[in-house]
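# Fold and geometry: a report
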Amino acid sequence: MDSALHVFMINHLLTFLCILSSSYLIFKCISWWFFFSNNSIVGAIKLPPGPPKWPIFGNLLQLGQLPHRDLAALCEKYGPLVYLRLGRVDAITTNDPDIIREILWQQDDVFASRPRTLAAEHLAYNCGDVALAPLGPKWKRLRRICMEHLLTTKRLESFAGHRSDEAQHLVRNVWASAQCGKEVNLRELLGAFSMNNVTRMLLGKQYFGVGSDAPQEAVEFMHITHELFWLLGLIYLGDYLPIWRWVDPFGCEKKMRQVEKKVDEFHTKIIEQHRVSKENQDGGEMDFVDVLLSLPGEDGKEHMDDIEIKALIQDMIAAATDTSAVTNEWAMAEVIKHPHVLKRAQQELDSIVGPNRMVQETDLAHLNYLRCIVRETFRMHPAGPFLIPHESTRATTINGYYIPERTRVFINTHGLGRNTAIWDDVDRFEPERHWAADGSRVEISHGADFKILPFSAGKRKCPGAPLGVTLVLTALARLLHAFDWAPAAGLRPEDVDTSEVYGMTMPKARPLIAIARPRLAAHLYH
Ligand code: HEM
């Protein structure tokens, strides 16, 4: 009897608690909804215009599989600067060159910080790297190390031999497929080209292809890098809705912790190996890890902290590999889709390089049409659909609109390149549009007009841009000079698919498969 009463009372208590919490939730929703819908005026200054918001979620539910396209559509509807409420986070987005210039140049001091996201905490050593760190002395110091010790012209030149080797491997691999009539998986080959270049420079190892330094380690490395990219590219709801974080229904944060552990173990092993070979004084050339191990630490310490070294290695891997591989795949897809572009690029290569040798880095500055192809690729398919999110460090105004402190900024580079107010025929791949009337060298980075923004601008601009441009131009020049290209069997050029998937970088939805036919003398491919 006692226990029946007990169960009865517990049932009633639970029902009562359910009703109480649901009423509280409904009340909260209504009041939040009123708060958000009426909060577009702060003091006397208005927030930028934007779409209506849902209670609690704000505008989160308006983002689909391709958020860069959703946000560009909002700019089309509400104007060049749009305000969004993403859960509990204030956000703005733009695809307009003047607003972007204001954010990245005129107000660089206000907008050069980064939001603290869970991915940055778990996968970038608690925001202790360069790319995801908030503005502050730590970011400044690590960025200076990148600029003054790792990515200097002199050091990059010292790796020119490796880059040339890797370009020759690329050509040889395509040639081998062509010889046995096999189609070429350009995603795989261009991925290996970027990865090998980066790992040789960073870790002193060549992971892919015949003669890989450590095949097992290469598989491990590739696996970790893929998981890392996937998690970094995620729009994780836990960053916007704290309740999501508590529940973590898809186990994302758990996955982040697992990857964090694996990545850390991998980096620890790399550092240990470098320490051992330093002790053995095998005296080879210095890769990036050797350089970092030789630098003094903060506050008079003899060496840099291991965590700082790991965070920097992590950044270089994440920032350097996928960006150039994705860009190269897009460029090849567009060139194969447009045979007249291929023909014109080959005419240029034949006249500047000729048929008796392979392209060298010194040729790249003279290949103006190829440079137009790369610029046009960045316009239509920027490596990332957005810049890495920026965050305001204090309240400010843009175009007379109020922007609160800690507003997250989504600069839509995909939307910028397809903005019909500044570009004609936005969906047509037309490298000629970048040709300088006076025939001067075509610059691949942005100009004062901010009409494309492949490497960003201001304090957070990409410190690896010169290396990125070299990797992209080298691979393309070699592939277009050494081979004729056609789409995979059964496809016409116009059938080459150019749909994208969203992520930190924005790859083609499907890998590019194509047919190559050598066009130079056989001995040049060996
Ligand atoms: C085609 C190749 C590349 C492209 C398109 C590219 C593009 C970008 C973009 C758009 C950003 C974000 C800037 C912002 O948020 O305002 C960035 C940041 C960064 N990139 Fe690159 N990048 C490339 C290659 C590289 C390479 C080769 C390295 C280094 C080896 C590198 C290192 C970095 C770093 C460290 C940052 C963070 C900068 C900071 O937050 O201070 N990138 N890159």
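In this text, all values refer to a predicted model and were calculated from it rather than measured experimentally. (Residues numbered from 1 in each chain as written. Predicted model: local features only at pLDDT ≥ 70, side-chain atom pairs only at ≥ 80, totals over all residues.)

We now examine the sheet that holds strand β6 (residues 390-391). The 4 strands lie next to each other as β3-β4-β9-β6, forming an open sheet whose pairing is mixed. Since the sheet does not close on itself, it has two edges, and those belong to β3 (81-86) and β6, each with one partner. The pairing of strand β4 (residues 89-94) with strand β9 (residues 408-411) spans 4 bridges and is classified as parallel. Note that in β9 the partner of T93 across the bridge is F410. Across the face of the sheet, helix α2 (residues 67-78) comes into contact with β3, β4 and β9 while running at roughly 75° to β4. Here helix α3 (residues 97-106) sits on the sheet and contacts β3, β4 and β9; the angle it forms with β9, its principal contact strand, is near 135°. (Pairing = 2+ DSSP bridges. Helix = DSSP H or I, 4+ residues; strand = E, 2+ residues; numbered from the N terminus. Contact = placed C-beta atoms within 7 Å. Axes fitted to C-alpha atoms, helices over the stretch in contact; angles between N-to-C directions.)

A separate point is the sheet that holds strand β5 (residues 184-185). The strand order across the open sheet built from 3 strands is β5-β11-β10, with neighbouring strands paired in antiparallel fashion. The open sheet has two edge strands with one neighbour each: β5 and β10 (483-487). Inspection of the sheet shows β5 paired to strand β11 (residues 513-518) by 2 bridges, in the antiparallel sense. Its bridge partner being in β11, N185 is matched across the sheet by I513.

Before going further, it helps to spend a moment on the site of the ligand. Taken together, 26 residues are adjacent to the ligand, and A319, S456, C462, G464 and G468 come closest. Only α6 (137-150), α14 (306-337) and α18 (465-482) provide two or more residues apiece to the shell around the ligand. Ranked by residue count, the leading element in the shell around the ligand is α14, at 7 residues. Taken together, the residues of the shell around the ligand sort by class into 15 nonpolar, 7 polar and 4 charged. (Near = placed C-beta within 6 Å. Nonpolar A, V, L, I, M, F, W, Y, C, P; charged D, E, K, R; others polar.)

Contact geometry for α14 and α18: axes closest at 9 Å, N-to-C directions at 35°. Regarding α14 and α18, the two cross each other, and that crossing is right-handed. Taken together, the residues of α18 that come into contact with α14 (itself represented by T323, S324, T327, N328, A331, M332 and V335) are G468, L471, V472, A475, L476, L479 and L480. Classifying every residue of the contact of α14 with α18 by side-chain character gives 9 nonpolar, 5 polar and no charged. (Left-handed = near helix turned anticlockwise from the far one by under 90°.)

In this model, α18 (18 residues) spans 26 Å end to end at C-alpha, consistent with the 26 Å of a helix rising 1.5 Å per residue. Counting buried positions over the 18 residues of α18 gives 15, a clear majority of the element. (Expected span 1.5 Å × (residues − 1). Buried ≥ 20, exposed ≤ 12 C-beta atoms within 10 Å, placed from the backbone.)

Here we take up the nonpolar core. In terms of nonpolar packing, the biggest core is built from 126 residues, with V335 and L476 touching the most fellow members. With 17 residues, the single largest contributor to this core is α14. With near-sequence residues (within four places) excluded, L476 lies in contact with N328, A331, L370, I373 and V374. (Core = buried A, V, L, I, M, F, W, Y, C linked by C-beta atoms within 7 Å.)

Attention now moves to the UniProt feature "binding site: heme" (unreviewed entry) in the chain. Mapped onto this numbering, the UniProt entry annotates "binding site: heme" (unreviewed entry) at C462. By secondary structure assignment, the location of C462 is in the loop between α17 (413-417) and α18. Aside from chain neighbours lying at most four places away, what touches C462 is F455, S456 and G468. (UniProt positions renumbered as here; feature names shortened; annotations may be inferred.)

Next up on the list: α14. Compared with the 46 Å implied by 1.5 Å per residue over 32 residues, the 47 Å span of α14 between its first and last C-alpha is a close match. Counting buried positions along α14 gives 29 out of 32 residues, so the element sits mostly inside the fold.

Our focus in this paragraph is the packing of helix α9 (residues 186-202) against α14. Their axes nearest at 9 Å, the elements α9 and α14 cross at an angle of 150°. As far as their axial angle goes, α14 and α9 are roughly antiparallel. Relative to α14, α9 is oriented so that their crossing is right-handed. Contacts between α9 and α14 involve L186, R187, L190, G191, S194, M195, V198 and L202 from the former and I313, M316, I317, A320, T321, S324, A325, N328, E329 and M332 from the latter. A class-by-class count of the residues in the contact of α9 with α14 yields 11 nonpolar, 5 polar and 2 charged. (Parallel < 35°, antiparallel > 145°, perpendicular 65-115°, else oblique.)

Each regular strand carries side chains that alternate between the two faces of the sheet. Of all 6 residues that make up β4, 5 are buried, and the element is covered over most of its length. Relative to β4, β3 runs antiparallel, the two being bridged by 6 bridges. Looking across to β4, one finds that L81 is bridged to T94.

Detailed reading of the predicted coordinates is not advisable wherever pLDDT falls low. For the chain, the mean per-residue pLDDT works out to 90, and 89% of the residues sit at or above 70. Considering only residues more than four positions removed or in separate chains, one finds that residues 1-10, a stretch of pLDDT under 50, has 0 contacts. With pTM at 0.90, the complex prediction returns an ipTM value of 0.99. (pLDDT = per-residue confidence, 0-100.)

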